[in-house]
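Here are the chains, one letter per residue:
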Amino acid sequence: MRRPYCEAWMGFSDMCSSVTSTSADDTTVPQELVRALAAYPDNAALIDREHQLSYGQLGRFVQQFQRRSPGRGAIAIFGMPSTLLAASATACVISGRPFVHLDPAMPQAVLTNIIDELEIGTIITCQPAQSGQLPARCQVIAAESCLGGADADRPALVAADVRPTDAIYLVATSGTTGRPKCIPVTHDAAFLSYRWRDAYTPYDASMRVGIYIFAIWEMFRPLRNGAQLHFPGLNDLMSPKALVAFLSRNRIDEMLFTPSFFEKTLHAVEPAQGAALPLRRVVLNGEVVREGLAAEALRRLPNTQIWNLYSICETHDISMTRITGAPVPAEGLSVGAAMPHLRAVVLDDGDRPCPQGQPGLLHFEGPRMLGPGYVNRPEETAQRFRILRLEGKDRRLYDTGDRGYVTAEGQIHVLGRVAHMLKLRGHSIQTRELTETMADHLRFSQAIPWVQQMDRQGQVLVFYYTADAAQQAVNADMWALAPGWQRTPPALAEALQQGLPRYCTPTYLVHLPEIPINPVSGKCDFKALPALPPAHLEPDEDDSSLPVTRLAARILGCPAANLDPAMSFHDQGGDSLMCVDLLLSLEAGYGRAVDFDWALNLPLARLHDLLTKNGAAAPVARVERRGILLTGATGFLGGHVLAEAARHLPRDQVIYCLVRPRDTDPQARLAARADTLGIPPDRIVAVAGSIDEPRFGLDPDSYDRLAAQVSSVIHCAAMVNLAVDRERMEAWSQAGIMTVLQFCRDADAPLAFSSSTSIFPDAGGPYAENATAPFAGISGYGAAKIAAEHAIATSGVRATILRLPSLYDLGDPNPKDIYESILTACRQLGQVPQGLCFRMTDVRAAARFLVRLPAPEGLRYCNLITDDAVTAPADMQVMPVADWLEAARLSPAERRLLQDNPGTLQADARFDHAQARRIWDQLGLGPFAQVSDVSGLLACRLNVQRHHSDPALT
């Protein structure tokens with residue numbers, strides 16, 4: 001016997017057992033999607049910077065997905081919104097497999113809890129995960145493996161037969177305690193919502209829709225009707241000017257935003273520019289729309305319809321109305337009337353229905369729209385999905401957590417969140433859960449989290465609390481907290497973010513003598529909670545501070561003296577939405593385009609250097625002689641390439657070195673490096689510029705003169721900070737390689753690109769000298785190199801892609817190389833970890849190879865790696881890896897890296913090197929074994945003597 005409707009959702013293992021066969025009638029979202037795939041095979045469906053799929057290709061992706069992931073059950077999709085993520089989600093829906101989105105930025109505890117809560121067995125990755133980020137027990141399928149491969153012998157794509165009460169997808173809420181609630185959304189609710197919305201915001205095959213980062217579930221509405229979906233990159237999305245350019249460049253007709261985010265974007269749109277945008281409509285969702293925002297939107301986007309959508313995960317859509325600019329009541333804008341399958345019920349604090357027009361707690365009734373509850377959370381389900389006796393009948397209502405009222409005409413007015421639920425820039429925050437989490441770190445008697453609206457900062461999360469003398473003493477000792485207002489200390493914020501999403505970390509902590517109480521209700525009087533004092537709102541204008549510090553202080557609402565120029569905006573409390581304001585201020589104050597990632601993550605002083613005239617690229621002097629262009633000349637490999645080029649190139653040629661403006665003057669930095677290497681000053685020319693700026697940031701005349709003199713390009717620059725997340729590294733690499741490739745075209749010069757064996761797993765092989773794809777667990781550095789290799793392969797530029805392992809110099813070790821740190825730790829400890837194995841290449845051999853390469857006819861790959869590997873010397877003691885890691889003298893970052901990536905210590909992967917060896921021999925560089933002198937390396941680093949015939953080296 002089937003369990004009752006609500007009871008069946010207390011667990012999840014049998015949620016998808018109903019998927020059996022196809023249905024004959026076209027009444028489900030899966031069937032609508034299958035019909036669109038067949039009707040528009042040649043139309044573009046999904047587009048981002050990396051991939052573009054037509055509807056026909058999307059259909060083949062679904063078939064490949066079904067072949068790789070047979071069976072039933074929920075699937076997790078890991079990655080940022082993209083073509084691959086949309087294709088994976090579409091495949092899940094058509095296959096009757098409910099999916100949950102895993103954001104790579106989620107704390108590890110949150111990711112693990114979602115996967116465990118839903119008993120996930122299969123994860124499809126749209127970008128590589130970090131080592132250990134996804135559980136080993138799960139089947140992991142790379143979304144890229146489902147691209148291409150037409151299945152001519154397979155039957156036509158059909159939709160799974162789904163019941164109305166089956167889950168179409170699941171939403172994991174904010175996870176305020178690190179254990180998020182998982183909310184199933186039913187096929188019936190989605191289908192009814194999509195059909196209802198078609199009357200307000202219809203879609204057709206001519207439309208282009210931009211996909212906002214928080215609106216994963218919005219993808220299926222336009223896909224049902226043949227529209228194009230465009231996914232902005234991170235910098236496109238987070239920079240208002242770049243987002244406006246994205247909308248214009250891709251001729252976007254519609255995009256959904258949270259009101260807070262949309263308000264930031266509007267700052268970059270002047271009315272004349274807004275009138276010229278192709279944007280036909282904007283849908284605002286996730287927060288209350290202020291009347292001022294509505295008026296500003298209509299002024300700046302005169303030809304764009306602005307729609308106000310009210311929806312909640314537990315009920316899907318609720319209501320929608322178009323904002324016209326007509327006068328509104330003092331209580332705020334309407335969100336329209338409830339859709340036909342929902343009824344609004346407004347209750348007072350005693351659960352009695354409120355008269356029309358009287359504010360109260362908003363609830364909704366509608367068996368086909370209300371979700372079944374929270375997976376494995378019966379108590380919380382009962383709290384929010386309430387059974388109340390109304391009008392003589394037991395009715396199941398959903399408590400939205402919103403305060404509002406309904407007019408006689410049925411118009412719903414949402415006034416804001418009530419105490420148990422807060423909304424911050426589109427994110428839901430459970431106040432009880434947040435308070436419990438805060439209690440693990442902060443001592444207090446009572447506490448009230450609340451969202452305050454502040455003029456310069458927008459919305460900020462404030463944590464009001466009371467504490468007795470003993471609790472205050474503990475807080476002062478642990479976090480240096482004092483009574484009154486205080487920005488959350490960085491150490492406390494860091495501790496909280498081990499399990500909380502960043503937006504759940506309060507911006508301010510406020511110690512109060514007592515929590516204000518409403519004398520009528522006996523509950524907290526939220527209107528009486530104190531606003532941020534003027535001392536915090538008005539930053540000082542100390543002329544001695546850097547402009548970037550003053551601008552950041554204004555956004556953060558604190559004196560500039562409170563900010564540390566050696567720390568980033570992000571590390572001092574700024575979030576991504578606040579950084580949009582900072583970015584706009586920086587662009588206005590410095591008169592330059594500003595990269596979003598840099599504005600958020602670079603130390604303020606360093607950011608200032610990059611944006612001032614000292615950091616900007618100046619016209620290049622002495623572009624008078626033929627030569628080569630070298631990037632990364634101040635790095636470990638680049639410096640050796642520079643020295644080799646100075647020795648090998650004819651005396652009348654020079655090396656043009658692209659040097660990124662950073663903390664010191666580029667010319668001085670290059671001169672110091674050249675002096676160390678013994679290179680005559682007249683052989684080098686510093687080009688102050690950045691590979692991730694168009695034309696390297698050079699003026700047109702300097703760029704053209706440089707292109708006319710350069711005969712070849714050696715690209716060694718790379719971001720090698722292993723603490724930087726994969727997305728940021730890929731974005732930086734992608735921007736840089738595109739600029740380098742364009743220069744190669746303009747100069748008609750071949751490219752030599754230094755890639756890495758990080759593109760391959762640490763074990764297995766032999767790995768071939770040809771194209772490859774990301775693998776599960778790939779590092780951000782490896783993924784960035786693969787992205788660059790792919791860009792080169794599709795560019796048409798003559799190029800050699802040279803893959804290198806870690807590099808050593810017997811006389812001058814690279815202090816930043818992890819294997820050099822491992823060897824040093826082995827020598828100091830006198831013991832090596834069990835199974836030690838890795839490969840290294842002599843940096844001088846790599847430099848000779850890069851400089852002397854003959855120009856290729858097309859594209860070629862070379863693995864400059866010998867078969868010899870560094871392994872444990874026979875005369876050194878061996879320790880278990882865990883014991884060695886505990887005892888070795890490593891930095892905390894190095895130890896954490898090796899603990900998270902144990903394969904680094906036992907990297908016994910093998911590599912083909914026939915092409916590299918053939919070119920090495922043609923160049924007459926000596927025996928190929930000289931590429932890696934393992935015996936010499938061990939003798940130098942560990943003071944042991946070994947021979948190549950030693951079996952341990954083979």
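All of the points below concern the structure found in this document.

**Side note on the packing of helix α26 (residues 818–829) against helix α31 (residues 934–942)**
It is the contact of α26 with α31, at a shortest axis distance of 9 Å, that shows an interaxial angle of 55°. In terms of orientation, α26 and α31 fall into the oblique class. Between α26, through E820, L823, C826 and R827, and α31, the contact on the second element is made entirely by L937, R941 and L942. Classifying every residue of the contact of α26 with α31 by side-chain character gives four nonpolar, no polar and three charged.

**Notes on the sheet that holds strand β4 (residues 99–102)**
Spatial ordering of the open sheet is given by β6-β5-β3-β4-β7-β8, a layout of six strands whose pairing is mixed. At either margin of the open sheet sits one strand with a lone partner, and together these are β6 (139–142) and β8 (182–186). For this sheet, the mean angle separating the axes of adjacent strands, direction not counted, is 25°. Note that strand β7 (residues 167–172) and β8 share five bridges and pair antiparallel. When the sheet's bridge partners are listed, V171 is paired in β8 with I183. Here helix α3 (residues 83–94) sits on the sheet in contact with β3 (75–78), β4, β5 (122–125) and β7, set at roughly 170° to β3. The sheet contacts of helix α4 (residues 108–117) involve β3, β4, β5, β7 and β8, and relative to β4 the element is tilted by about 170°.

**A word on the environment of E263**
Summarising the element assignment, E263 is placed in helix α9 (residues 259–266). The sequence separation of E263 and A297 amounts to 34 residues, and the corresponding C-alpha distance is 8.1 Å. Apart from residues no more than four positions distant in its own chain, E263 is found in contact with R290 and L293.

**Here we look at the packing of aromatic side chains**
The geometry of an aromatic ring pair is captured by two quantities: the separation of the ring centres and the angle between the planes. Applying the stated criterion across every chain, the model contains 25 aromatic pairs. Ring geometry for F385 and Y398: centres 4.9 Å apart, planes at 45°, overall tilted. Here the residue F385 occupies a position in strand β18 (residues 385–390), and Y398 occupies one in strand β19 (residues 393–406), the gap between them amounting to 13 residues. Note on accessibility: F385 and Y398 belong to one class, buried. Here W485 and Y508 contribute two aromatic rings whose centre-to-centre distance is 5.8 Å and whose plane-to-plane angle is 70°, an arrangement assigned as edge-to-face. With W485 in strand β25 (residues 484–487) and Y508 in strand β26 (residues 508–511), this pair connects stretches of sequence that are 23 residues apart. The ring of Y374 carries K181 above its face, with NZ or CZ at 5.2 Å from the centroid. Looking at R281, its charged tip hangs above the ring of Y203, at a distance of 5.0 Å from the centre.

**Comments concerning the nonpolar core**
With 132 residues, the main nonpolar core has L46, M219, F262, F569 and L586 as its most contacted residues. Per element, the largest residue contribution to this core is nine residues, and it comes from α3. Counting 41 residues, the second largest nonpolar core, distinct from the first, contains F636, A845, A916 and L925.

**Concerning the packing of helix α8 (residues 240–249) against α9**
Helix-helix packing is described using two parameters, namely the angle between the two axes and the distance between the axes. One can describe the packing of α8 onto α9 by two numbers: an axis separation of 8 Å at closest approach and a directional angle of 90°. Judged by the angle between their axes, α8 and α9 are roughly perpendicular. When α8 is examined against α9, the residues P240, L243 and V244 are found in contact with a partner set consisting of F261, K264 and T265. Considered class by class, the residues forming the contact of α8 with α9 number four nonpolar, one polar and one charged.

**Observations regarding the sheet that holds strand β28 (residues 654–659)**
Sheet strands line up and pair through hydrogen bonds in the backbone, either parallel or antiparallel. The strand order β29-β28-β27-β30-β31-β32-β37 describes an open sheet built from seven strands, whose pairing is parallel. Each of the sheet's edge strands pairs with one partner strand only, and the pair in question is β29 (684–688) and β37 (859–863). On average, adjacent strands in this sheet sit at an angle of 20° to one another, irrespective of strand direction. Looking at chain direction, β28 and β29 are connected through five bridges and run parallel. Residue pairing for β29: L658 is matched across the bridge by V687. Helix-sheet contacts for helix α25 (residues 780–793) involve β31 (751–756), β32 (799–804) and β37, and the interaxial angle to β31 is about 150°.

Analysis parameters
- Residues numbered from 1 in each chain as written.
- Predicted model: local features only at pLDDT ≥ 70, side-chain atom pairs only at ≥ 80, totals over all residues.
- Heavy atoms only, no water.
- Axes fitted to C-alpha atoms, helices over the stretch in contact; angles between N-to-C directions.
- Helix = DSSP H or I, 4+ residues; strand = E, 2+ residues; numbered from the N terminus.
- Parallel < 35°, antiparallel > 145°, perpendicular 65-115°, else oblique.
- Contact = heavy atoms within 4.5 Å.
- Nonpolar A, V, L, I, M, F, W, Y, C, P; charged D, E, K, R; others polar.
- Pairing = 2+ DSSP bridges.
- Phe/Tyr/Trp six-rings, centres within 6.5 Å; stacked < 30°, edge-to-face > 60°.
- Buried < 20%, exposed > 50% of the residue type's maximum accessible area, 1.4 Å probe, protein only.
- Lys NZ or Arg CZ within 6 Å of the ring centre and 35° of its normal.
- Core = buried A, V, L, I, M, F, W, Y, C linked by side-chain atoms within 4.5 Å.

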